[in-house]
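Coordinate inspection notes
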Amino acid sequence: MKHIQTINKPTLQSSMKSGGCGECQASCQSACKTSCTVGNQVCERQSK
Amino acid sequence: MVAGIFFWTKGLIDIDRRIHKFRQGDAHILLDINSGAVHLVDQMIFDVMDLFDGSNDDDVRAELAERYSPAELDEALSELHELIDAQLLFAPEIDVPPTFKQSGIVKSLCLMVAQDCNLRCKYCFGDGGSYGARGLMSAEVGRAAVDFLIKKSINRRHCEIDFFGGEPLINMKTVKAVTQYVRAREIDSNKIFKLTLTTNGMLLNDGAIDWLNDNNISVVLSLDGRKEIHDAMRPDSTGRGSYDRARANFKRLVDSRGGSNYYLRGTYTRRNLDFTNDVLSLHDAGFDVLSVEPVVLKDSPLGFTSEDLPRIRDEYDRLTEAYLERRRAGRGFFFFHFNVDLSNGPCVAKRLSGCGAGHEYFAVDVNGDLYPCHQFVGREGYRLGSVFGGVDDPRGLQDYFRRSHVLNKPKCRECWARFYCSGGCHANADLFNGDIRQPYEVGCEIQKKRLECAIYVQAVVGRVD
Ligand code: SF4
C-alpha cells in the first residue's frame, strides 16, 4: 500500500474465541509496583 | 455540493469506539481498537479518517475535494477498504465478558513482611511504611500465607509472592523463612513460585545480595533519578538523603547478577515534571532496565491535578525522543512502559479482566489479614479474611472486584485504551472517587499519553530495525 503501513499482526479478535488459560501473572497497576498494565505483559502460552 | 455547507453525519458505527488516531513525533498513527492493528498513515489518510466510516466514500470525496485530487482520494479509499476486508479496520466490537477456563483461583500474594521502614519518603501512601499499624510479620504468618496460596491456586502451576512493605529487608528473618518454606513446598505441591522483593536498598549488604542471588529472587529497586530529587523525596528517619547509599548498593546487586532479574523504578512528583532528566540519570548511573511513574496522591502539593497534564504530556514527548535517540546511538535502555508487544500481547480475556486485586491477588498484612492489594491494607471496610481462616467476605467484595472489569466500568467501555490499560488501579479509583469502578482521571490521561508514546516507539522501532 502507498499510504498505509500496518506494523503488526494483531491477535485480539482470534484470542476472543479461545478464552483465557489464566496462567499469566496478575497485573497490578499500582505505581509503586511498576504498574504492570496488561499492555506490557506477554501471553504465557506464547512465551513458552 | 457546495463546499463548506456539507454536513457529515456518522454512519451506523460509532467511529470513536472503533479507532483512535494521533500524531506522535513525525508519525500519523491509526489504531484499530478492536483488532489491535496499528497503521502508520500519511496526512491524507489521517484527514480521511476524520470522516470515513466504511460506507460513506462519496461524502468523503466531496468534503475533501479541495485538499486532495479525486485520484488521490480514490487511492486512499481503496486502501482503507482493503483494511476493512482484512478486519484490520473497524473490526467488530468486543463485548463479551472475560472468560477464563477457570475462575476463583488465587495467583499471587503480596506479603507485607515489614509494616515499618527505615526511610521517610515524602510521598509514601503507607504512613511511613506502617499502614497505620507498625509491626513485623512472623514466620508463622508467612508460612500460613504460602499454604493459603498453594491451596487457593488449585491446579494453576505458577504462583507469585512479592515481599513488600515498608521495607522488607528489615525483616530478613521472615523473608528467609518463607523462601525456605516455598522451596520445600514447591516440590510437594508441584508448583513453580516466582519470588520478588521490592527494596529501598538501605540494608542491601553483601550477605543480603548473595542470599537474594542464590535464591533466585527478582528485585524491584527504588531510585528516583537525579540525586537532588531522590534525596529530597527519600530521606531516612534522620532527614539525611539516601541516594548515595541506595545507588551504590543497587549497583553492586545488579552487577552481581549480571544485569538481569531486576527493575529499577522511580517515582516522579509535581516537583520534577522534567522527569526525562531523571530517567536519563538512572541510565547514566549504570542501570538499563527502568521504570519511572507518576506519584498518586490526593490533596498534596506533590500530587497532580488536571492542570499539570499539558506539561506531563510534553514531558512524555521529550522522554520518547530521548529514549529513541539513545537507542539510535546504540546505547538504548529498556523503559517498562514503552514495552508494548503489539503482536503477541495477552488474550482478550486477560486484557478485559483487570488487575486481579481482591480475587486472584491479595495482600497479607503483618497479622495475616487479607486485603484486595497492598494499597488497601488498613483501609476501612476492605479486610477480606485471613490466611488462617481463609476468605471471610459476607459483603461479597471479592465477587465485586472480580466483576469490576473493563466492560463494567462506564468510562473504560468508551475508552480507546481499554485493551491496553485493563481498567486502571482500583485503589486509586477508590481513593479519588470512592468507587473502584470509576477510574482516577488524571491517571487515565497519563496512561493514554504513555500508551501513545509506546505505540509510536514500537512503530518506529519496527520501521527501523
Ligand atoms: S485509561 Fe482510564 S478509562 Fe481508559 S481503560 Fe484505563 S482506566 Fe479505563
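This is a predicted model, so every value here is computed, not measured. (Residues numbered from 1 in each chain as written. Chains lettered and ligands numbered in written order. Predicted model: local features only at pLDDT ≥ 70, side-chain atom pairs only at ≥ 80, totals over all residues. Heavy atoms only, no water.)

1. With respect to the overall build of chain B
- Looking only at helices and strands, one finds 17 helices and 15 strands in chain B.
- A compact globule built from 465 residues should have a C-alpha radius of gyration of about 23 Å, and chain B, at 24 Å, falls within 12% of that.
- When its C-alpha atoms are laid out on the principal axes, chain B stretches across 80 × 50 × 40 Å.
- The buried share of chain B, reckoned over its 465 residues, is 60%.
- At a minimum sequence separation of 6, the contacts of chain B that also span at least 24 residues come to 71%.
- When the accessible surface of chain B is split by element, carbon and sulfur atoms take 49% of a total near 18,500 Å². (Helix = DSSP H or I, 4+ residues; strand = E, 2+ residues; numbered from the N terminus. Rg over C-alpha atoms; globule rule 2.2 N^0.38 Å. Buried < 20%, exposed > 50% of the residue type's maximum accessible area, 1.4 Å probe, protein only. Contact = heavy atoms within 4.5 Å. Areas by Shrake-Rupley, 256 points an atom, 1.4 Å probe, with all protein chains shown as cover.)

2. Focus: helix α4 (residues 70-85) of chain B
- When the terminal C-alpha atoms of α4(B) are compared, their 22 Å separation across 16 residues agrees well with the 22 Å that a helix rising 1.5 Å per residue should span.
- Where α4(B) is buried, its residues touch β1 (4-6) of chain A together with β3 (37-41), α2 (43-48) and α3 (57-63) of chain B.
- Gln87(B), located one to two residues past α4(B), shows a positive phi value of around 60°. (Expected span 1.5 Å × (residues − 1).)

3. Some points on the domain arrangement of chain B
Residues and elements named next belong to chain B.
- Splitting chain B by domain gives domain 1 (2-94) and domain 2 (105-465).
- Inter-centroid distance (C-alpha atoms) of domain 1 to domain 2 is 39 Å.
- Counting residues at the interface gives 16 residues for domain 1 and 20 residues for domain 2.
- Across the domain 1/domain 2 interface, buried area totals approximately 1,600 Å², and carbon plus sulfur atoms make up 59% of it.
- Looking only at domain 1, the three residues that lose the most surface to domain 2 are Arg17, Gln24 and Ile94, adding up to 36% of its buried area.
- At the junction of domain 1 and domain 2, the tally comes to 1 salt bridge.
- One salt bridge in this structure joins Glu414 and Arg17, with 3.1 Å as the shortest N-O distance. (Domains from an automatic or database assignment. Buried area = accessible area lost by both parts, 1.4 Å probe. Salt bridge = Lys/Arg side-chain N within 4 Å of Asp/Glu carboxyl O.)

4. Observations concerning the side chain of Asn8(A)
- By the element assignment, Asn8(A) lies in the loop between β1 and α1 (12-18).
- Residue classification places Asn8(A) among the buried positions, given a relative accessible area of 8%.
- From its side chain, Asn8(A) meets the backbone nitrogen of Val38(B) in a polar contact 2.9 Å long.
- Among the polar contacts made by the side chain of Asn8(A), one reaches the main-chain carbonyl oxygen of Leu342(B) at a distance of 3.0 Å.
- Aside from chain neighbours lying at most four places away, what touches Asn8(A) is Gly36(B), Ala37(B), Val38(B), Leu342(B) and Ser343(B). (Polar contact = N/O pair within 3.5 Å; in protein donor to acceptor, adjacent residues only side chain to side chain.)

5. Observations concerning the sheet that holds strand β2 (residues 27-32) of chain B
- Spatial strand order, β1(A)-β3(B)-β2(B)-β1(B): 4 strands in an open sheet with antiparallel pairing. Only two strands of the sheet have a single partner each, and these edge strands are β1 of chain A together with β1 (19-24) of chain B. With direction set aside, neighbouring strand axes in the sheet form an average angle of 25°.
- Where β2(B) and β3(B) come together, 5 bridges link them in antiparallel fashion. (Pairing = 2+ DSSP bridges. Axes fitted to C-alpha atoms, helices over the stretch in contact; angles between N-to-C directions.)

6. Description of the pattern of salt bridges
All names here are of chain B.
- Across all of its chains, the model carries 33 salt bridges over all chains by this definition.
- Across the salt bridge formed by Glu93 and Arg17, the nearest N and O atoms sit 2.6 Å from each other. On the criterion of sequence distance, the pair formed by Glu93 in the loop between α4 and β4 (108-115) and Arg17 in helix α1 (residues 15-18) is long-range, its members being 76 residues apart.

7. What to know about the nonpolar core
All names here are of chain B.
- Formed by 128 residues in total, the largest nonpolar core has its most connected members in Leu111 and Phe163.
- Of the residues forming this core, the biggest block, 11 residues, is contributed by helix α17 (residues 441-464).
- Apart from residues no more than four positions distant in its own chain, Phe163 is found in contact with Leu111, Val113, Pro168, Val175, Val178, Thr179, Leu195, Thr196, Leu197, Thr198 and Ile217.
- Listed in part, the 25 residues of the second largest apolar core include Ile15, Met49, Tyr68 and Ala76. (Core = buried A, V, L, I, M, F, W, Y, C linked by side-chain atoms within 4.5 Å.)

8. Comments concerning the site of the ligand
Residues and elements named next belong to chain B.
- The local shell around the ligand consists of Lys411, Cys412, Cys415, Arg418, Cys421, Gly423, Gly424, Pro439, Cys444 and Gln447.
- Those elements that provide at least two residues to the shell around the ligand are α14 (410-413), α15 (418-421) and α17.
- Tallied by class, residues from the shell around the ligand come to 5 nonpolar, 3 polar and 2 charged. (Near = heavy atom within 4 Å. Nonpolar A, V, L, I, M, F, W, Y, C, P; charged D, E, K, R; others polar.)

9. Details of helix α10 (residues 276-284) of chain B
Residue and element names in this part refer to chain B.
- In terms of burial, α10 is a largely internal element, 7 of the 9 residues being buried.
- Among the residues making up α10, those that are buried are Thr276, Asp278, Val279, Leu280, Ser281, Leu282 and His283.
- Summarising the contacts, the buried residues of α10 are in contact with α8 (227-233), β9 (262-268), β10 (289-294), α11 (309-328) and β11 (334-335).
- Phi turns positive one or two residues past the end of α10, at Gly286, with a value near 105°.

10. A closer look at the packing of aromatic side chains
Residue and element names in this part refer to chain B.
- Under the counting rule described, the total for this entry stands at 16 aromatic pairs over all chains.
- Here Phe376 and Phe401 contribute two aromatic rings whose centre-to-centre distance is 5.7 Å and whose plane-to-plane angle is 85°, an arrangement assigned as edge-to-face. Of this pair, Phe376 sits in the loop between β13 (370-371) and β14 (385-386) while Phe401 sits in helix α13 (residues 397-403), and the two are 25 residues apart along the sequence.
- Look at Phe401 and you get buried, because its relative accessible area is 1%.
- A cation sits over an aromatic face here: Lys21 above Phe46, 3.7 Å from the ring centre.
- When the ring centre of Tyr420 is taken as origin, the NZ or CZ atom of Arg351, which lies over that ring, is 5.4 Å away. (Phe/Tyr/Trp six-rings, centres within 6.5 Å; stacked < 30°, edge-to-face > 60°. Lys NZ or Arg CZ within 6 Å of the ring centre and 35° of its normal.)

11. Topic: the environment of Met44(B)
- Within the element layout of this structure, Met44(B) appears in helix α2.
- Through-space distance from the C-alpha of Met44(B) to that of His405(B) is 37 Å; in sequence the pair is 361 residues apart.
- With sequence-adjacent residues up to four places away left out, Met44(B) is seen in contact with His3(A), Tyr68(B), Glu72(B), Leu73(B) and Ala76(B).

12. Considering the pairing of strand β7 (residues 192-199) of chain B
Residues and elements named next belong to chain B.
- Where burial is concerned, most of β7 is hidden: 6 out of the 8 residues are buried.
- Relative to β7, strand β6 (residues 158-165) runs parallel, the two being bridged by 6 bridges. Each bridged residue has a counterpart across the sheet, and for Asp162 the counterpart in β7 is Thr196.
- Handedness of the β6-helix α6 (residues 172-189)-β7 crossover: right-handed.
- Note: β7 against strand β8 (residues 218-222), 4 bridges, orientation parallel. Of the residues in β8, the one forming a bridge with Thr198 is Val220.
- Taken together, β7, helix α7 (residues 206-214) and β8 form a β-α-β motif whose crossover is right-handed. (Right-handed = clockwise from strand over helix to strand, strands pointing away.)

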